[in-house]
There are 2 protein chains.
Amino acid sequence: MSSEANGRHPTGNPGESPRREVQPDLVRREEVRGRHPGDRVVRIPRHPLFRQVAPGTLLPRRRAVEPQGGWGRLTWRAKRFLIGEPISTDREVFERLTKLKALAVLSSDALSSVAYSVEATMRILIAAGVGALTLTLPLTLVIVLLLVIVATSYQQTIRAYPSGGGSYIVAHENLGVMPGLAAGGALLVGYVLTAAVSIAAGVDALISAFPELESADLALAAGAIFLMTLMNMRGVRESGTIFAAPTYVFLVSIFGMLGLGLWRVHAGGGIDYVPVDAPRFPAQEPLAWFLILSAFSKGCSAMTGTEAISNAVPAFRPPESRNARITLMVMAGLLGTMVIGIAYLTSQIGILPDPDEHVTVLSELTRLVVGDGWYFYLVQFATALILFLAANTSYTGFPWLLNVMARDRYVPHWFGLRGDRLAFSFGIVTLSLFSIALIVAFSGRTESLLSLYAIGVFAAFTLSQSGMTVHWLRGREKGWRRSIAVNGLGAVSTGLATVVIGITKFGEGAWLVIMVVPALMGIFILVHRHYAAVSRQMEEYVSPVSSAERPLALVTVAAANPVTREALRFAKAIGAEVIAVHVATDAPDAGRIKQRWAEVGEEVPLVTIESPYRLLIPPLVAYVSALREMAPDRPLLVVLPELVPRHWWEQLLHNQTALRLKAALLFQKGVMVVNMPYHLVGQAKKGA
Amino acid sequence: MSSEANGRHPTGNPGESPRREVQPDLVRREEVRGRHPGDRVVRIPRHPLFRQVAPGTLLPRRRAVEPQGGWGRLTWRAKRFLIGEPISTDREVFERLTKLKALAVLSSDALSSVAYSVEATMRILIAAGVGALTLTLPLTLVIVLLLVIVATSYQQTIRAYPSGGGSYIVAHENLGVMPGLAAGGALLVGYVLTAAVSIAAGVDALISAFPELESADLALAAGAIFLMTLMNMRGVRESGTIFAAPTYVFLVSIFGMLGLGLWRVHAGGGIDYVPVDAPRFPAQEPLAWFLILSAFSKGCSAMTGTEAISNAVPAFRPPESRNARITLMVMAGLLGTMVIGIAYLTSQIGILPDPDEHVTVLSELTRLVVGDGWYFYLVQFATALILFLAANTSYTGFPWLLNVMARDRYVPHWFGLRGDRLAFSFGIVTLSLFSIALIVAFSGRTESLLSLYAIGVFAAFTLSQSGMTVHWLRGREKGWRRSIAVNGLGAVSTGLATVVIGITKFGEGAWLVIMVVPALMGIFILVHRHYAAVSRQMEEYVSPVSSAERPLALVTVAAANPVTREALRFAKAIGAEVIAVHVATDAPDAGRIKQRWAEVGEEVPLVTIESPYRLLIPPLVAYVSALREMAPDRPLLVVLPELVPRHWWEQLLHNQTALRLKAALLFQKGVMVVNMPYHLVGQAKKGA
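Right, let's walk through the structure included here. Everything numeric here is computed off the predicted structure, so don't read it as measured data. (Residues numbered from 1 in each chain as written. Chains lettered and ligands numbered in written order. Predicted model: local features only at pLDDT ≥ 70, side-chain atom pairs only at ≥ 80, totals over all residues. Heavy atoms only, no water.)

1. Digging into the overall build of chain A
Operational definition: Note on conventions: DSSP H or I runs of at least 4 residues are helices, E runs of at least 2 residues are strands, and numbering of each starts at the N terminus. Three labels apply to residues, based on accessible area from a 1.4 Å probe with only protein chains included: buried if under 20% of the type maximum, exposed if over 50%, partly exposed otherwise in between. Residue contacts follow a heavy-atom distance rule, with two residues in contact if any of their heavy atoms lie within 4.5 Å. In short, Shrake-Rupley with a 1.4 Å probe defines the accessible areas, and a residue's cover is counted only from the protein chains shown.
Helices and strands together make up the secondary structure of chain A, namely 24 helices and nine strands. Out of the 688 residues in chain A, the part that is buried amounts to 59%. For chain A, long-range pairs separated by at least 24 residues make up 77% of all intrachain contacts whose partners lie at least 6 apart in sequence. Just so you have it, chain A exposes about 26700 Å², and 66% of that area is on carbon and sulfur atoms.

Shown next as structure tokens:
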């Protein structure tokens, strides 16, 4: 191969090496036409591993980047099997979401709340006795109204921020850094909670169909999260494809059930229902405002998905903004209808929530309407599935938000890296870890999580709405008054909701969210400061030494043998001056080295450092810093010969001096460390 | 400081750097008078951290090797507090043992067996009913006879091997490698078992004095081992000082007790004793030979300490050999007397072992002889202590043996390294780990360990005795016939004992030892082969590239900024040719770099490798191997700029590309990797 390359590139540039003429010239310079005048590019001889796509630009062939054997190959195969073949960056646009898929991926959260929001309201009200349940429907209507307001104002947000207008972006841009971070933090918490709650609720739904599964609930949750992770690692489009079906099955089956229910209630001669055991619901407290408000807050959990769409606008097929807006409206419409429907039927029939929480109100309703047949189980399954999918909304929103914040350098930049299926892998994994932690911590009890749920999301709503209001005030584009009216209304109402939730839910754990968010903001700022410092300092970087000067080379000598000789030769080739250093932890060794030095020493002066306490690293480090002090502006290059054994266990037979020394020298300014690996025979195969 | 150094060393040698004249010449060559003609040495300007003790030989001052602050300082302090100030190598001889201390350190194992060997014999015999106990005394006499034989023959071994004549050395030298390794393996196992058994027995003794401690037995054992480890880390002499007292207290108290006992039995009108509950000892089996032999084998455990002295001869004060021999004889005498004494009194009084094993026979005897007063507790304590100290014998023998075997490269060489208190730290720690593991595995039950105990040691005895016989046969020095007689007798008798033990104890776990030893031998040989291969290959080492040639330098570029510029400058200073490589995982980044290249590129050609799947490492590795293929005999130097942050947590904000890339390149032959660390501000303090 190499000779062939030689043949193709006979030219050679002068160098001190005798055998230069027989070497291919690896670097042939030529001006590129136009672009950046004066910049130069390399053309290396053609090599089977690479294709030259432009002057100085190489494209590695597939087998250049795939591990070719052994363990690496195995893991690669496993990964491909689990998440599929890698997708190249330029195919990103084909990975976008159609409206149909988007509704499945991004709205499943909102839609799924159908499964519990009404019940949540009822469970609060019933504390004031069964009679209080008459308030369920009115409260639901209020909530739906709120939903409509929020949806409409997000319409405007999306129009104004076609490249993704999540609360973080809007608040950050219009209200300033801190509100932005607050919104971001609140949303991140919200997403984690959403994922946790949805998984837990999904498991509940399953259990209300198959009570015998109750014992395995945590296992089920963990399994679901693992599945969710894999799916999303495969990329948003693919998970959309997979998750679309159940969403639509859910929609159809619920609407079918509601339709049938309405017919039976009004035309079909009514549905008779014997309240399980009303006596078990004594009125514990009067029907005070506080109770009503907290019932309202619980119900608000129905709305937590609304944010997702406006966050992930760039995930839509073009025209992104328009498609996003349509999807949002459809979602709101469907959600509102279903919630009202359920609330209406429930109160018509007079269903009471199951005190033992074995059976959800929705499944009770379904059972009454459609009986015990296949349809009932269909609804059960669809519900379970969509509740799992609700988690999937977080799996889209959470990584997207982190990606945006990573671009602004508020979170570690690897949250902005796309995995080899174009998914934001780090965000996905992080979300999974947090939600499994939460579920375990709350031992899978949806109720207790729900209380943590809404506050963060509504805070984010408020911030984004107020942000938009400011936006219009500044912009004063055509129709800004109307826009302000809409977003202003949104801001006020969501603001009120936030306050209500904060007060009513404080005791139940909202305080936790209220503590966590500021903590997160603190972290964001620290991270930002760090990155800012790094990039500023990299721009202002002044080397502690004069890099252009050939360094003083220090060769560490463990024994006098040909390996040492090669190291010394190398050091002489690159260093202005060379010093060989041996730390004498063992006198006889030191003697042997001195004796053989004339033979292998390559004329390099040998410094012996005695180590009365048999320490190896500290004396070397001290010597290095001494040299640095005496030649402050000259680079110092430490050459470390390092054995590379055949098998891992052989490493145990050698003390990792090279490694330890490198770690010790890392903090010395102006000191560079070069490894000279020498391979044991057998290594050859592995080697290049 | 550096300017001062400059002042002191005005001379300078010519170099390409403009500011060379203001630099001190770090390397001034001068012929050394005589010694190795033609070799050269360095004299670096005087520096406060070092003292020049000879031309080219520096002695670091204390503060050069002590960590000066932060965590390192803290751990250093803790270590000093626990194991004391470091001891310099040249003080080794002052760390040797006097005869008095040697008896404490090296004989405590043998002496301690007084506490259980007689009882062990009785517990076997009693299986044939109480009557069988009449055999206790005769058996003990046989055992003591064996002891005398072994001691005498070891006398000769020590005389023949003044530099330490453990079974491993003798067998290895006279019988060949495999017997040597067998002896070594057997002894190592023996030492571990000794440590474990002794600690366990010590705990038993404590418990028989304070039964309420019974629950905490494992904790006590662990504590004892930890203490033992610390003590021995402090060095053999110091542990000798600490451990001498209890040994002598034990000797005196036991002899006192025996004397008093003899007087009371024969002159003092006898000691009346009501056997606890003889009925609980029904004759389960006839008094067959097998039973007697296994009783004998148990008793042999009394002898397991004999080896230690001849192993550690170099640990004695000069004249080492003579002192060792005297110590050995004294030890044998004391041991024999005590064992016989105990056996005699026990059978005279007719003491039965406690079926519940709460009270040891020795403590029962003591109680009967001296009553329940302070003396009784004194003996108890002394016994407990000496049993712990018995473990200490292993703590001397085990590391010594490993050290010897490390010199012959049968075990990892770091077993031959002395810690900063001149102790063989690795051996000590290894022993502790194994014995705690054993104790836990056998949940501290001495009995079950005892069965594993003697076989290995006796095998070693046999091997060393036969080795000596061969030694004399070869040498034919004056008196060789007598010597052969002695060692031959020793070989035969210990050989017989080994067989007996092997047969009688096989079922009880001796088989384990018989399995483990060959396994160890296998490991020894593997290790030896590896080291042999390494040193051979280092001698025959031929570099895959022509090291003397200036390398092709490859600079990895993550961004276009001054840091990159410095890296490029450095690369140009040391490399024959320089190529800059950027892996384009993100198109905009790549664009920015191309744009700024003219500014920071230092005229170095830039290769952009597109990475459609956003992989970073594989394309670089592929490119490196491509370059290697095209210039097989030219060294390739990869320059990796690496950020060194202020705080550990900041590391999390950067993906460890440098580290991962280095690991990936380690297996490419002829590729060297140099780190160019650039430090965030604040690092300055930490740095040199």
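Once you've had a look at it, read on.
2. Some words on the environment of Ser493 of chain A
Residue and element names in this part refer to chain A. Tracing the backbone shows Ser493 in helix α18 (residues 480-539). Taking the C-alpha atoms as reference points, Ser493 and Val150, separated by 343 residues in sequence, lie 8.6 Å from one another. Leave out the neighbours within four places in its chain, and Ser493 touches Leu146 and Ile149.

3. Some details on the packing of helix α21 (residues 617-630) of chain A against helix α23 (residues 657-665) of chain A
All names here are of chain A. The cut-off we apply is this: All axes are obtained by fitting lines to C-alpha atoms, using only the stretch in contact for helices, and the reported angles, taken between N-to-C directions, cover 0 to 180 degrees. Orientation categories follow fixed angle ranges, with anything under 35 degrees roughly parallel, anything over 145 roughly antiparallel, 65 to 115 roughly perpendicular, and all other angles oblique. When the near helix sits turned anticlockwise from the far one by under a right angle, the crossing is termed left-handed; a clockwise turn instead gives a right-handed crossing. The classification used treats Ala, Val, Leu, Ile, Met, Phe, Trp, Tyr, Cys and Pro as nonpolar, Asp, Glu, Lys and Arg as charged, and all other residues, Gly among them, as polar.
Where α21 meets α23, the axes come as close as 10 Å, and the angle between the chain directions of the two elements is 40 degrees. As summarised for this structure, α21 and α23 are arranged oblique, according to the angle between their axes. Both α21 and α23 take part in a crossing whose hand is right-handed. Mapping the contact onto sequence places Ile617, Leu620, Val621 and Val624 in α21 and Thr657, Arg660, Leu661, Ala664 and Leu665 in α23. Grouping the amino acids of the contact of α21 with α23 by side-chain chemistry returns seven nonpolar, one polar and one charged.

4. Details of the environment of Gln156 of chain A
Residue and element names in this part refer to chain A. By the element assignment, Gln156 lies in helix α6 (residues 136-160). Residue classification places Gln156 among the buried residues on the basis of a relative accessible area of 4%. Separated by 309 residues in the primary sequence, Gln156 and Gln465 place their C-alpha atoms 9.8 Å from one another. Every residue in contact with Gln156, bar those within four places of it in the chain, is listed here: Met468, Trp472, Arg482, Ser483, Val486 and Asn487.

5. Quick look at helix α4 (residues 99-112) of chain A
Residue and element names in this part refer to chain A. Threshold: One axis fitted to the seven residues ending at a residue, another fitted to the seven starting there: the angle between these axes is the bend at that residue.
A maximum bend of about 55 degrees is found in α4 at Leu106. Within α4, 12 of the 14 residues are buried, leaving the element largely enclosed by the surrounding structure. Burial in α4 covers these residues: Lys101, Ala102, Leu103, Ala104, Val105, Leu106, Ser107, Ser108, Asp109, Ala110, Leu111 and Ser112.

6. A few points about the pattern of salt bridges
Note the cut-off: Within this document, salt bridges are pairs made up of a side-chain nitrogen of Lys or Arg and a carboxyl oxygen of Asp or Glu, the two lying within 4 Å of each other.
In the structure shown here, the tally under the stated rule is 36 salt bridges over all chains. Linking Glu92 of chain A and Arg418 of chain A is a salt bridge whose minimum nitrogen-to-oxygen distance equals 3.8 Å. With a gap of 326 residues between them, Glu92 of chain A in the loop between α3 (70-83) and α4 and Arg418 of chain A in the loop between α15 (374-407) and α16 (425-441) connect regions that are remote in the sequence. Classification of Arg418 of chain A by relative accessible area gives partly exposed; the value is 25%. Among the ionic pairs, Arg237 of chain B bridges to Glu95 of chain B, the shortest N-O distance being 3.3 Å. With Arg237 of chain B in helix α10 (residues 236-266) and Glu95 of chain B in the loop between α3 (70-83) and α4 (99-112), this pair connects stretches of sequence that are 142 residues apart. Judged by relative accessible area, Glu95 of chain B falls into the buried class, the value being 8%. The network of salt bridges with shared partners includes Arg62, Glu66, Arg73 and Glu85 of chain A.

7. Focus on the pairing of strand β8 (residues 636-644) of chain B
The side chains of a regular strand alternate between both faces of the sheet. All names here are of chain B. Condition: When DSSP finds two or more bridges between two strands, those strands count as paired.
With eight of nine residues buried, β8 is to be regarded as a mostly interior element. In this sheet, β8 lies alongside strand β5 (residues 552-556) in parallel orientation, the contact comprising four bridges. In the strand pairing of β8, Leu552 is matched with Leu636. Bridge count for β8 against strand β9 (residues 671-679) is nine bridges, and the pairing is parallel. Looking across to β9, one finds that Pro641 is bridged to Met676.

8. Some words on the packing of aromatic side chains
Any aromatic ring pair is given by two values, namely how distant the centres are and how the planes are angled relative to each other. Under the convention used in this document: Only Phe, Tyr and Trp rings take part, Trp by its six-membered ring, and two of them pair if their centres are within 6.5 Å. Stacked means planes under 30 degrees apart, edge-to-face means over 60, and tilted covers everything else. When the NZ atom of lysine or the CZ atom of arginine is within 6 Å of a ring's centre and also within 35 degrees of its normal, the charge is said to sit over that ring.
In total, this model carries 18 aromatic pairs over all chains according to the counting rule given. Considering the side-chain rings of Phe50 of chain A and Tyr623 of chain B, the 5.8 Å spacing of their centres and the 85 degrees angle between planes classify their relative orientation as edge-to-face. Pair noted here: Phe50 of chain A is in strand β3 (residues 50-54) and Tyr623 of chain B is in helix α21 (residues 617-630), and the two residues belong to different chains. Residues Phe50 of chain A and Tyr623 of chain B agree in their burial class; the two are buried. Taken together, the ring pairs connect Tyr154, Phe458 and Phe461 of chain A into an aromatic cluster. Looking at Arg476 of chain A, its charged tip hangs above the ring of Trp480 of chain A, at a distance of 4.5 Å from the centre.

9. Description of the pairing of strand β6 (residues 577-584) of chain B
All names here are of chain B. Counted only if it meets this: For the handedness criterion, the strands are oriented away from the viewer, and a crossover whose path from the first strand over the helix to the second runs clockwise is classed as right-handed.
Most of β6 is tucked away: eight of the eight residues are buried. Burial of β6 is two-sided: the residues Glu577, Ile579, Val581 and Val583 facing one way and the residues Val578, Ala580, His582 and Ala584 facing the other way are all buried. In this structure, β5 lies alongside β6, joined through five bridges in parallel fashion. Across the sheet, residue Thr556 finds its bridge partner in β6, namely Val581. Handedness of the crossover joining β5 and β6 through helix α19 (residues 562-574): right-handed. Summarising the sheet, β6 and strand β7 (residues 606-610) pair through five bridges and their orientation is parallel. When the sheet's bridge partners are listed, His582 is paired in β7 with Thr608. Crossover connection from β6 via helix α20 (residues 587-600) to parallel β7: handedness right-handed.

10. Looking at the environment of Arg421 of chain B
Condition: Polar contact is the term for a pair of N or O atoms within 3.5 Å; when the atoms are in protein, one must be able to donate a hydrogen and the other to accept it, and sequence-neighboring residues count only if both atoms are side-chain atoms.
Residue position: Arg421 of chain B is located in the loop between α15 (374-407) and α16 (425-441). When its relative accessible area of 8% is taken as the criterion, Arg421 of chain B is described as buried. Between the C-alpha atoms of Arg421 of chain B and Asp586 of chain B, which are 165 residues apart in sequence, the distance is 55 Å. Once residues lying within four places of it in the same chain are set aside, the contact partners of Arg421 of chain B are Arg614 of chain A together with Ile83, Gly84, Glu85, Pro86, Ile87, Met233, Arg234, Gly235 and Glu238 of chain B. Side-chain polar atoms of Arg421 of chain B contact the backbone oxygen of Glu85 of chain B, separated by 2.8 Å. Polar contacts involving the side chain of Arg421 of chain B include one to the main-chain carbonyl oxygen of Arg234 of chain B, which spans 3.0 Å.

11. Side note on α23 of chain A
The following threshold applies: Each direction from the helix axis to a C-beta atom contributes to the arc, which is the arc of those directions.
Of the positions making up α23 of chain A, those classed as buried are Ala658, Leu661, Lys662 and Leu665 of chain A. Down the axis of α23 of chain A, the buried set is contained in an arc of 100 degrees. They therefore lie on one face. Elements that come into contact with the buried residues of α23 of chain A comprise β5 (552-556), α21, β8 (636-644) and β9 (671-679) of chain A together with α23 (657-665) of chain B.

12. Focus on the side chain of Gln155 of chain B
Residues and elements named next belong to chain B. Note that Gln155 resides in helix α6 (residues 136-160). Relative accessible area serves as the criterion here: at 11%, Gln155 is assigned to the buried category. A polar atom in the side chain of Gln155 sits 2.9 Å from the backbone oxygen of Arg325.

13. So, the packing of helix α11 (residues 289-300) of chain B against helix α18 (residues 480-539) of chain B
Residue and element names in this part refer to chain B. As a packed pair, α11 and α18 sit with axes 9 Å apart at the nearest point and diverge in direction by 100 degrees. Looking at the two axes, α11 sits roughly perpendicular to α18. Every residue of α18 that contacts α11 at Phe290, Leu293, Ser294, Phe296, Ser297, Lys298 and Cys300 is listed here: Ala497, Val500, Ile501, Ile503, Thr504, Lys505 and Glu508. In terms of residue class, the contact of α11 with α18 is made up of eight nonpolar, three polar and three charged.

Interpretation note: all reported values are geometric properties and have no functional meaning in isolation.
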